[in-house]
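An overview of the molecular structure
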Amino acid sequence: TTQILNGSIGVVAPAEAATISLDYPMPTWAEKALLLYPCAQGSVEDGFAADGSVQCRACDAGRYRDRFVLSCSPCPPGRFADSPGAAMCQKCPPTTKSANQSASRSCAQCPAGTLCPSGTSEPLPCPLGHFCPVG
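Throughout what follows, the structure given in this document is the object of discussion. (Residues numbered from 1 in each chain as written. Predicted model: local features only at pLDDT ≥ 70, side-chain atom pairs only at ≥ 80, totals over all residues. Heavy atoms only, no water.)

1. A closer look at the overall build of the protein
What the protein contains, in helices and strands, is one helix and 12 strands. Here the protein, with 135 residues, has 23% of them falling under the buried criterion. Within the protein, contacts between residues separated by at least 24 positions form 30% of all contacts whose residues are at least 6 apart in sequence. Summed over its atoms, the accessible surface of the protein is roughly 9400 Å², and 60% of this surface lies on carbon and sulfur atoms. (Helix = DSSP H or I, 4+ residues; strand = E, 2+ residues; numbered from the N terminus. Buried < 20%, exposed > 50% of the residue type's maximum accessible area, 1.4 Å probe, protein only. Contact = heavy atoms within 4.5 Å. Areas by Shrake-Rupley, 256 points an atom, 1.4 Å probe, with all protein chains shown as cover.)

2. Focus: unusual backbone geometry
Of note in the backbone geometry, T95 takes a positive phi value of approximately 75 degrees without being a glycine. Following the sequence through the fold, T95 ends up in the loop between β8 (90-91) and β9 (96-98).

3. Thoughts on the environment of C59
Here C59 is to be found in the loop between β4 (54-58) and β5 (63-64). You can call C59 buried: its relative accessible area is 0%. Sequence-wise, C59 and S71 are 12 residues apart; in three dimensions their C-alpha atoms are separated by 8.5 Å. Sequence-distant contacts of C59, that is, excluding residues within four places in its chain, are made with G42, S43, V44, Y64, R65, C72, P84 and G85.

What follows is the structure, given as structure tokens:
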């Protein structure tokens, strides 16, 4: 409602407004920083140009940066990023495993006698009674 008091106009909220709770919590400082982060996904800040603008550089192959973090992270086991600037790591396809336990740039063929489901980092033993060639 609107009230005029001593020549000033003011707005007075209804009493029930004081008991309303917000369903959305305020963002943390880290979340605010991500909202204002000047570099695209897959890249990080790398200093300033002569004009004062932020320079960005791509994350190395085997690493990624999505919108939820401020730095490049290594691809987790079973995933890879084969080129610089990845916003996310891809799952290793079936019959392959990540070449490294962390920060993989590629996937390698499964060794003979093992199985590698999609997204694996460690081969599984071939089931008894089955033949499991390389890959």
